[in-house]
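For reference, the chains in residue letters:
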Amino acid sequence: MCGIVGYIGKQAVIPVLVEGLKKLEYRGYDSAGVAVLEEKGIEVYKSAGRLANLVEKLGDGYSDATIGIGHTRWATHGRPSDLNAHPHSDCSGDFAIVHNGIIENYLELKEWLIKQGHQIVSETDTEVLPHLVEHFYKGDTAEAIRQVLIKVHGSFAMVALSRNHKEQMVVARKDSPLVIGLGEGEYFVASDIPAILNYTRQIYILADGEIAVIDRDGVRVTDFQGNPIQKEVFEVKWDTVAAEKDGYEHFMLKEIFEQPRALKDTLTGRLNHNGVILPEVALTAEEVANINKIFIVACGTAWHAGLVGKTLIERWARIPVEVDIASEFRYRSPLIDEHTLVVVISQSGETADTLAALREARRLSARVIAVTNVVSSSVAREANDVIYTCAGPEIAVASTKAYTTQLEGMVLLALYLAEARDSLSLEKISEIISALKEIPAQAQEILNQSSAIKDLARSFIVVDDVFFIGRSLDWSVSMEGSLKLKEISYIHAEAYAAGELKHGTLALITDNTPVIALATQMEVYEKTVSNIKEVKARDAKVIGLTFKGNDDLAKSVDQVIYIPQTIAELSPILSVIPLQLLAYYASVARGCDVDKPRNLAKSVTVE
Ligand code: M6R
């Protein structure tokens, strides 16, 4: 996804911008650029491809400019190219702008600008912005931007430089994240906090509908009408080292291995002998009793966590749950009222579809609980209640520790609802709590055997298709295992409810087709084994996954992965770990770009 950086201060700006852009590389991008304010005017450097191309273009003889903006672009309107890369300029070269988001009415605006005599040179939606600023500019850039924002529809985080104001950056935000870093006589702008963490931990989080004028003396924030806004300084507590690879070859592997810590942190302070402690969810027992339906809404991996959440809530709290893909949710007229609880799950808290679903749910008067990993993210700020997962920054595009901590979030929420509705016995609650406390150490136990999975992954170098099967919660985890494998190793992978195979997909199973069969749900174990036999009879190569101590599965499969014993409802947190490792090692063995898979971005902040 696109990334923004900006700087005004005493340092030479280009190295600051380049370093900030490097910190944003994990978001995914296809081109990059910077614009700096020189005495003679604005100099723009842009390049398609990796940041290294831009750095090469910038050369060694950096300008000594001390104010500038930078951008990494992930193409939406117009293909990746030097021309389409940001920053974009107006006809006179007076303004340069970087932008995240989408200007939905850009075609109409472009047509209008062309009629006014403007020359639009790129295919992007963004380029209309500097031309509109040029059109409305009467000596005050912020005022011109206010005029522009009345005209544009869509989402944006934008930063503008003006040749006429060599000591000033103007930033604005609507529906796309933007923060301002406060240093000693210097200021930073970024779409993502890691881009500026090396310089400052004091930030302003710009809210929707705010514009800030930043010069060497400070930051002045107003709303889009020009009314002053007093901002509170937010202290970032993240450890910078937490965002580094820490000796691992890839962020993904580091993040897989961080799971015991992340799982422990997410439970810390939230369990006692009798149940869960979730003061952050401020529902009264009466409000919980009045909930007649729950929707869980999310995208991708977070949606897979929602599928597990559905089973847990229905099983323990006895409330009907529907799980929706966020991009579908608001277009299907969901039946929501004030007795509906909507749970949105989002690692980043900035996924556009999830945020839009949240807004729709609130508009329809539902109570919204967010499960998210990013403090003060948009989703966190707009939900009624927030359950934070404590995974720490997740940099790799492929989600791992975010998923397992989201599963814990689902367990906590399901227990909270069950306790409030008195739908579980004390013995059952205490059994769940005891099992939950074991999970971090059990995750470590699985990781200690990662070399066996690495060996197994070698056989995936040449395969084209892999099938994941399972029943009940094993099916939900199969979906996540399949997504992990396909997104980073580019192997075609599909997940099926094991009993569904014979209704069509079995036709695809031939000699040595790898099938990964999850068999941890003992209630349906015999049935899963029957399905395994169906694929075995078609000469599939079956890798089974079950609990340690179950020696039966080995009789029906070619190889078995064992995980520590836990209760059925918690097994997804453990069973996914070998699947993450398998995907990771398969991707490495196939020479893929593990942390930045092609065509994908970490955070999808456009619809
Ligand atoms: O930040 P979010 O949790 O809202 O992101 C949702 C999906 O884009 C995300 O889970 C994606 O599917 C994963 N990166 C895949 O590994």
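The shown structure was predicted, so the numbers you read here are calculated from the model rather than taken from an experiment.

Moving on, we come to the sheet that holds strand β12 (residues 210-215). Strand order across the open sheet formed by seven strands is β5-β6-β7-β8-β12-β13-β14, with antiparallel pairing between neighbours. Because the sheet does not close on itself, it has two edges, and the strands there are β5 (88-89) and β14 (228-229). Alignment of β12 against strand β13 (residues 218-223), held across six bridges, turns out to be antiparallel. Looking at the pairing, Glu210 lines up with Asp223 of β13.

Our focus in this paragraph is the nonpolar core. Formed by 94 residues in total, the largest nonpolar core has its most connected members in Ile294, Ile313, Leu417 and Phe460. Counting only domains with at least three residues in this core, you end up with domain 2 (252-437) and domain 3 (450-589). Among all residues touching Phe460, those that are not within four sequence positions of it are Val466, Leu485, Ile491, Pro514, Ile516, Ile543, Leu582, Ala586 and Arg590. Counting 27 residues, the second-largest nonpolar core is a separate cluster that includes Leu24, Ala32, Leu58 and Ala190.

Where helix α15 (residues 450-457) contacts helix α18 (residues 571-589), the axes come no closer than 8 Å and their chain directions differ by 50 degrees. With respect to α18, the element α15 is oriented oblique. Every pair of crossing elements has a handedness; the one defined by α15 and α18 is right-handed. Residues Ser450, Ile453, Lys454, Leu456 and Ala457 of α15 pack against Pro578, Leu581, Leu582, Tyr585 and Ala586 of α18. By residue class, the composition of the contact of α15 with α18 is eight nonpolar, one polar and one charged.

Before going further, it helps to spend a moment on helix α3 (residues 106-115). Those residues of α3 lying buried are Tyr106, Leu109, Lys110 and Leu113. Down the axis, α3 shows its buried residues gathered within 105 degrees of arc, on one side only. The exposed residues of α3 that point more than 90 degrees off its buried face are Leu107, Glu108, Glu111 and Lys115. Of the surrounding elements, those touching the buried residues of α3 are β6 (95-103), α4 (128-136) and α5 (141-151).

Here we take up the pattern of salt bridges. Under the criterion given, the structure shown has 35 salt bridges. Arg363 serves as the salt-bridge partner of Glu360, at 3.0 Å between the closest nitrogen and oxygen. Residue Glu360 and its partner Arg363 are both found in helix α11 (residues 352-363); the two are separated by three residues, about one turn of the helix. For Glu360, a relative accessible area of 16% translates into the label buried. The salt bridge involving Glu487 is made with Lys484; its shortest N-O contact spans 3.3 Å. Of this pair, Glu487 and Lys484 both sit in helix α16 (residues 473-489), three residues apart, roughly one helical turn. Lys484 gets classed as buried once you look at its relative accessible area, which sits at 0%. Among the ionic contacts, a cluster of salt bridges with common partners joins Arg173, Lys174, Asp175, Asp208, Arg359 and Glu382.

What follows deals with the domain arrangement of the chain. Each assigned domain of the chain is listed here: domain 1 (3-244), domain 2 (252-437) and domain 3 (450-589). Here domain 2 and domain 3 have C-alpha centroids that lie 26 Å from each other. Contacts between the two partners involve 30 residues from domain 2, matched on the other side by 24 residues from domain 3. Both sides of the domain 2 and domain 3 interface together cover about 2,200 Å² of buried area, and 72% of this is carbon and sulfur. Applying the counting rule to domain 2 against domain 3 returns one salt bridge. A salt bridge links Arg315 to Glu569, with the shortest nitrogen-to-oxygen separation between them at 3.1 Å. For the interface between domain 2 and domain 3, the tally reads seven residue pairs in polar contact (both at pLDDT 80 or more). Mapped onto the side of domain 2 that touches domain 3, the elements with two or more residues apiece are α6 (251-257), α7 (259-267), α9 (300-317), α13 (401-421) and α14 (426-447).

This part takes up the side chain of Ser122. Tracing the sequence through the fold places Ser122 in the loop between α3 and α4. A polar atom in the side chain of Ser122 sits 2.8 Å from the side chain of Thr124. The contacts of Ser122, once residues within four sequence positions are left out, are Leu83, Asn84, His88, Lys110 and Glu127.

What follows covers the pairing of strand β23 (residues 465-470). With five of six residues buried, β23 lies mostly within the body of the structure. With six bridges joining them, β23 and strand β24 (residues 492-497) adopt parallel strand pairing. Counted as the bridge partner of Phe468 is Ala495 from β24. Running through α16, the crossover from β23 to the neighbouring parallel element β24 is right-handed. Where β23 lies against strand β25 (residues 514-518), three bridges are found, and the strand directions are parallel.

Turning to the sheet that holds strand β18 (residues 293-298), a few remarks are in order. Overall, parallel pairing links the five strands, which are arranged β19-β18-β20-β21-β22 in an open sheet. Because the sheet does not close on itself, it has two edges, and the strands there are β19 (321-325) and β22 (385-388). On average, adjacent strands in this sheet sit at an angle of 20 degrees to one another, irrespective of strand direction. In this fold α9 packs onto β18, β19 and β20 (340-346), with an angle of close to 175 degrees to the strand it touches most, β19.

Now for unusual backbone geometry. With omega at 0 degrees, the peptide bond leading from His86 into Pro87 counts as cis. When you line up the elements, Pro87 lands in the loop between β4 (67-73) and β5. Even without a glycine there, the phi angle at Ser365 is positive, about 70 degrees. Secondary-structure assignment places Ser365 in the loop between α11 and β21 (367-372). Of note, the phi angle at Ser472 is positive, near 55 degrees, even though the residue is not glycine. When you line up the elements, Ser472 lands in the loop between β23 and α16. Under the relative-accessibility criterion, Ser472 is labelled partly exposed at 34%.

Reading the values: rules and limits
Residues numbered from 1 in each chain as written. Predicted model: local features only at pLDDT ≥ 70, side-chain atom pairs only at ≥ 80, totals over all residues. Heavy atoms only, no water. Pairing = 2+ DSSP bridges. Helix = DSSP H or I, 4+ residues; strand = E, 2+ residues; numbered from the N terminus. Core = buried A, V, L, I, M, F, W, Y, C linked by side-chain atoms within 4.5 Å. Buried < 20%, exposed > 50% of the residue type's maximum accessible area, 1.4 Å probe, protein only. Domains from an automatic or database assignment. Contact = heavy atoms within 4.5 Å. Axes fitted to C-alpha atoms, helices over the stretch in contact; angles between N-to-C directions. Parallel < 35°, antiparallel > 145°, perpendicular 65-115°, else oblique. Left-handed = near helix turned anticlockwise from the far one by under 90°. Nonpolar A, V, L, I, M, F, W, Y, C, P; charged D, E, K, R; others polar. Arc of directions from axis to C-beta. Salt bridge = Lys/Arg side-chain N within 4 Å of Asp/Glu carboxyl O. Buried area = accessible area lost by both parts, 1.4 Å probe. Polar contact = N/O pair within 3.5 Å; in protein donor to acceptor, adjacent residues only side chain to side chain. Right-handed = clockwise from strand over helix to strand, strands pointing away.

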